[in-house]
Amino acid sequence: MYVGIVQTEPIFGEVEKNLRHVQSLIGEKRSDLWVLPELFASGYQFTTKEEVAGLAEHVPDGPITQFLATIARRQHCHIVAGLAEHVDGQIYNTAVLVGPSGVLSIYHKIHLFFEEKRWFAPGERPPPVIDIGQARVGMMICFDHLFPEAARTLALNGADIIAHPANLVIPDYAQLTMRVRALENGVFTATANRIGTEARGDQSLHFTGESQIVSPRGEIIVRFSADGEEVRVIEIDPIQARDKSLNSYNDILSDRRPGLYMH
């Protein structure tokens, strides 16, 4: 199957303009699965709860979700992307998985980073794994990368590839940890990060780029630059993620001894 990652520099609050720009970047490129950054259409650095609420949407009826559904339907593909979502009076930092038939799954970010704790409610459900036909796709968002339990949960539930929308501001952390998550779980990982700087309050945030796709052996298949908008589609074989053996004696999942691990 073909997996594509998109690295962008959104303009804060300019949802329609950001959506048109993503559409132009993807163009007629074909991929079975696209991964876009966290909060790819709204921007990241909110300053008030009212601002977050104004840029959040209801899924599946909001403009960002409908945009993704249109691309998925037209190009007969699947897309994982990040957005702010209204649910029952709460706002979540959400990843959606959209296919030709519409929204297939929603994941609310479990591990909130920095001032996200001011704006979003933490997710209360485990990250999901969805069978899209060619592969089983798990979803994480950005800071989830630092918690090995998140990726391990996806692997134990059968994920072949972890789609990882991100807005990373700490250089090199996730690029390293997502290689480890791929290696320790025997899965592909696809991190779609953003670039640019937002300085809308007391903090100035610089986003680190270097989006990447990693093999189940921890090898970097493709990595983008730290400061350029880029799109790339690569071919992977999801079957490689289903062989967890290291040798004739060791298997990275069945060798686990969870009864001996501390909680």
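Note that the coordinates shown come from a computational prediction; the quantities given were computed from them, not determined experimentally.

### Concerning the overall build of the protein
Then comes step 1: When its secondary structure is counted, the protein shows 6 helices and 14 strands.
Then comes step 2: With the principal axes as the frame, the protein shows a C-alpha extent of 55 × 45 × 35 Å.
Then comes step 3: For the protein, buried positions account for 56% of its 263 residues.
Then comes step 4: Counting only carbon and sulfur atoms, one obtains 51% of the accessible surface of the protein, whose full area is about 11,700 Å².
Then comes step 5: When the 24 positive and 33 negative side-chain charges of the protein are each reduced to one mean point, those points stand 3 Å apart.

### Quick notes on helix α6 (residues 173-185)
One turn of an α-helix holds 3.6 residues; hence residues three or four places apart share an orientation.
Then comes step 1: The terminal C-alpha atoms of α6 lie 18 Å apart, and with 13 residues this matches the ideal 18 Å at 1.5 Å per residue to within 8%.
Then comes step 2: Positive backbone phi, approximately 65 degrees, marks G186, located one or two places after α6.

### Some points on the environment of P258
Then comes step 1: Summarising the element assignment, P258 is placed in the segment after β14 (230-235).
Then comes step 2: The partly exposed category is assigned to P258, whose relative accessible area is 38%.
Then comes step 3: Sequence separation between P258 and T197 is 61 residues, and the spatial gap between their C-alpha atoms is 42 Å.

### Some details on the nonpolar core
Then comes step 1: Core analysis: the biggest nonpolar cluster contains 38 residues, and L36, F40, F46, I64, L68, I79 and F120 have the highest contact counts within it.
Then comes step 2: Breaking this core down by element, the ones donating at least two residues are α1 (15-26), α2 (49-55), α3 (63-75), β3 (78-87), β4 (90-99) and β11 (205-208).
Then comes step 3: If you tally residues by element for this core, the top one is α3, at 6 residues.
Then comes step 4: In this structure, L36 is in contact with V6, V22, I26, L68, I79, V80, A81, G82, P165 and A192, ignoring residues within four places of it in sequence.

### Brief notes about a nonpolar patch on the surface
Then comes step 1: A contiguous nonpolar surface patch, about 260 Å² in accessible area, is contributed by L146, I170 and Y173.
Then comes step 2: Within the secondary structure, I170 sits in the loop between β8 (161-165) and α6.
Then comes step 3: Looking at I170, the relative accessible area reads 34%, which means it is partly exposed.

### A look at the pairing of strand β5 (residues 102-108)
Then comes step 1: Bridge count for β4 against β5 is 6 bridges, and the pairing is antiparallel. Bridging from a neighbouring strand, L97 pairs with S105 of β5.
Then comes step 2: Where β4 hands over to β5, the hairpin turn is made up of 2 residues, counted between the paired strands.

### What about the sheet that holds strand β6 (residues 129-131)?
Each strand in a sheet pairs with its neighbour through backbone hydrogen bonds, running either in the same direction (parallel) or in the opposite one (antiparallel).
Then comes step 1: Here 6 strands make up an open sheet; going across it, the order is β6-β7-β8-β9-β12-β13 and the pairing mixed. The sheet terminates laterally at β6 and β13 (220-223), the two strands that pair on one side only. Going from strand to strand, the sheet's axes swing by 15 degrees on average, the running direction of each strand aside.
Then comes step 2: Sheet topology places strand β7 (residues 136-139) next to β8; 3 bridges connect them, and they run parallel. Residue pairing across strands places G138 opposite I162, the latter belonging to β8.
Then comes step 3: Along the sheet, α6 contacts β8, β9 (188-192), β12 (212-214) and β13; its crossing angle with β12, the most-contacted strand, is approximately 25 degrees.

### Here we look at the sheet that holds strand β2 (residues 33-35)
Then comes step 1: The 6 strands lie next to each other as β5-β4-β3-β2-β1-β14, forming an open sheet whose pairing is mixed. The sheet is open, and its two edges are formed by β5 and β14, each paired on a single side. Direction aside, the axes of adjacent strands within the sheet are offset by 30 degrees on average.
Then comes step 2: Sheet topology places β2 next to β3; 3 bridges connect them, and they run parallel. Following the sheet pairing, V35 is matched in β3 by V80.

### Some details on the pattern of salt bridges
Then comes step 1: Scanning all chains against the criterion turns up 10 salt bridges.
Then comes step 2: Salt-bridge contacts for K109 lead to E38; the nearest nitrogen and oxygen are separated by 3.0 Å. Within this pair, whereas K109 is found in the loop between β5 and α4 (116-119), its partner E38 is found in the loop between β2 and α2, the two being separated by 71 residues in sequence. As far as the burial class goes, K109 and E38 line up, both buried.
Then comes step 3: Residue D160 is joined to R242 by a salt bridge in which the shortest nitrogen-to-oxygen separation is 2.8 Å. Highlighted residues: D160 in the loop between α5 (148-156) and β8 and R242 in the segment after β14, separated in sequence by 82 residues.
Then comes step 4: On the basis of relative accessible area, D160 is assigned to the buried category, the value being 1%.
Then comes step 5: Residue classification places R242 among the partly exposed positions, given a relative accessible area of 38%.
Then comes step 6: Overlapping salt bridges bring together E38, K109 and E116 as one network.

Procedures and definitions
Residues numbered from 1 in each chain as written. Predicted model: local features only at pLDDT ≥ 70, side-chain atom pairs only at ≥ 80, totals over all residues. Heavy atoms only, no water. Helix = DSSP H or I, 4+ residues; strand = E, 2+ residues; numbered from the N terminus. Buried < 20%, exposed > 50% of the residue type's maximum accessible area, 1.4 Å probe, protein only. Areas by Shrake-Rupley, 256 points an atom, 1.4 Å probe, with all protein chains shown as cover. Lys, Arg positive; Asp, Glu negative; His and termini not counted. Charge placed at Lys NZ, Arg CZ, Asp CG, Glu CD. Expected span 1.5 Å × (residues − 1). Core = buried A, V, L, I, M, F, W, Y, C linked by side-chain atoms within 4.5 Å. Contact = heavy atoms within 4.5 Å. Patch = residues over 30% accessible without salt bridge, like charges linked within 9 Å, V, L, I, M, F, W, Y side chains within 5 Å. Salt bridge = Lys/Arg side-chain N within 4 Å of Asp/Glu carboxyl O. Pairing = 2+ DSSP bridges. Axes fitted to C-alpha atoms, helices over the stretch in contact; angles between N-to-C directions.

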